[in-house]
Amino acid sequence: MIYILSAVIFFLTFVFSYKFFISLKNVYLNSIKDENLYMAFGFIALILTSALSLSTSAFFLYIFNS
C-alpha cells in the first residue's frame, strides 16, 4: 500500500511540476522564436521534474517506512 501511495505522489508531483515549468516557459520565453531554446528548456524542465518527483517519492517512503 505504501508503494502505491508513493507512485501516486510521484505521478502527481510529476504532473504539477511539469505544468509549473511550462507556465514559466509561457511567461518568460513567450517572445522568443528560437525552437532550440524551447527544446532545451523542455529538456531541462523534464530533468528537474523527474528529479523532484523521485526525491519527493523517496522522501515519502523514507518517512513512512521508518
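The structure this text deals with has already been given above.
So, here's what we can say about the structure. Because the structure is a prediction, the values reported are computed rather than measured.

Cut-offs applied
- Residues numbered from 1 in each chain as written.
- Predicted model: local features only at pLDDT ≥ 70, side-chain atom pairs only at ≥ 80, totals over all residues.
- Heavy atoms only, no water.
- Helix = DSSP H or I, 4+ residues; strand = E, 2+ residues; numbered from the N terminus.
- Buried < 20%, exposed > 50% of the residue type's maximum accessible area, 1.4 Å probe, protein only.
- Polar contact = N/O pair within 3.5 Å; in protein donor to acceptor, adjacent residues only side chain to side chain.
- Contact = heavy atoms within 4.5 Å.
- Phe/Tyr/Trp six-rings, centres within 6.5 Å; stacked < 30°, edge-to-face > 60°.

### Details of the side chain of Ser57
Link 1 in the chain: With respect to the helices, strands and loops of the structure, Ser57 is situated in helix H2 (residues 35–65).
Link 2 in the chain: Take Ser57: its relative accessible area is 10%, and that puts it in the buried class.
Link 3 in the chain: Here the side chain of Ser57 touches Ser6 through a polar contact of 2.4 Å, side chain to side chain.
Link 4 in the chain: Those residues in contact with Ser57, other than ones at most four positions away along the chain, are Ser6 and Phe10.

### Concerning the packing of aromatic side chains
Link 1 in the chain: Overall, the coordinates contain four aromatic pairs when judged by the stated rule.
Link 2 in the chain: Centroid distance Phe10 to Phe14: 6.2 Å. Interplanar angle 25°. Geometry classified as stacked. Here the residue Phe10 and the residue Phe14 both occupy positions in helix H1 (residues 2–28), the gap between them amounting to four residues, near one helical turn.
Link 3 in the chain: For Phe10, a relative accessible area of 29% corresponds to the partly exposed category.

Read these as spatial facts, not as claims about activity.
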